[in-house]
Amino acid sequence: FHVMFGGECLAVEFEQMRKGPNRTTFRYNTTEHGIDEYDSMDIDTYMVANEVFWDRIIKHGVHGNLCQQRICPKAANAFDP
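Residues numbered from 1 in each chain as written. Predicted model: local features only at pLDDT ≥ 70, side-chain atom pairs only at ≥ 80, totals over all residues. Heavy atoms only, no water.

A look at the overall build of the chain
Here is the rule we go by: Strands are runs of DSSP state E lasting at least 2 residues, helices are runs of H or I lasting at least 4, and numbering of each runs from the N terminus. Burial classification: accessible surface area is computed with a 1.4 Å probe over protein chains only, and a residue below 20% of its type maximum counts as buried, one above 50% as exposed, and the rest as partly exposed. Should any heavy atoms of two residues lie within 4.5 Å, those residues are counted as being in contact. Accessibility throughout is a Shrake-Rupley quantity obtained with a 1.4 Å probe, and a residue counts as covered only by protein chains that appear here.
Broken down by element type, the chain carries three helices and zero strands. In sequence order, the secondary structure elements of the chain are arranged as α-α-α. Buried residues in the chain amount to 10% of all 81 residues. Looking at the chain alone, contacts between residues at least 24 apart form 58% of all its contacts between residues at least 6 apart. Total accessible area computed for the chain in this model is approximately 7,500 Å², and 54% of it derives from carbon and sulfur atoms.

Topic: the state of the cysteines
Here is the rule: Criterion for a disulfide: a pair of cysteine sulfur atoms at a distance within 2.5 Å.
Overall, the coordinates contain one disulfide when judged by the stated rule. The partner cysteine of Cys-9 in its disulfide is Cys-72, sulfur to sulfur 2.2 Å. Disulfide Cys-9-Cys-72: the torsion about the S-S bond is 85 degrees, which places it as right-handed. Within this pair, whereas Cys-9 is found in the loop between α1 (2-5) and α2 (40-59), its partner Cys-72 is found in the segment after α3 (64-71), the two being separated by 63 residues in sequence. Cysteine Cys-67 remains unbridged, with the sulfur of Cys-72 as its closest cysteine sulfur at 5.4 Å. Owing to a relative accessible area of 14%, Cys-67 belongs among the buried residues under this scheme.

With respect to the packing of aromatic side chains
Describing an aromatic ring pair means giving the distance of the ring centres and the angle of the ring planes. We count it as follows: Here is the rule: rings of Phe, Tyr and Trp (six-membered ring for Trp) pair when centre to centre is within 6.5 Å. Planes less than 30 degrees apart are stacked, more than 60 are edge-to-face, and the remainder are tilted.
Taken as a whole, this structure holds two aromatic pairs when the rule is applied. Measuring from centroid to centroid gives 5.2 Å for Phe-1 and Phe-5, while their planes differ by 50 degrees, and the two rings are tilted. Taking relative accessible area as the criterion, Phe-1 reaches 65% and is therefore assigned exposed. A relative accessible area of 58% means that Phe-5 is categorised as exposed. Ring centres 4.9 Å apart and planes at 85 degrees place the aromatic pair Phe-53 and Trp-54 in the edge-to-face group. Taking the relative accessible area as the measure of exposure, Trp-54 reaches 46% and is therefore partly exposed.

Geometric values such as these leave the question of function open.
Below is the structure:
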């Protein structure tokens, strides 16, 4: 995001904002709600978004060192050593 649009990158952007219980199972009964467990439209949307994301990572030359040193220096501790 910051590589494409600029702006200051802050450490808070790397925090887990929606903390919840550590679940090991999926508890939502999809059959009960009349939907397929793996909705093909969701999968198609995810696949396109995933491709766009990685294409932009490559296009903009994004990598850990770039983020740590130039894009997000205030969040350098969020990156693996």
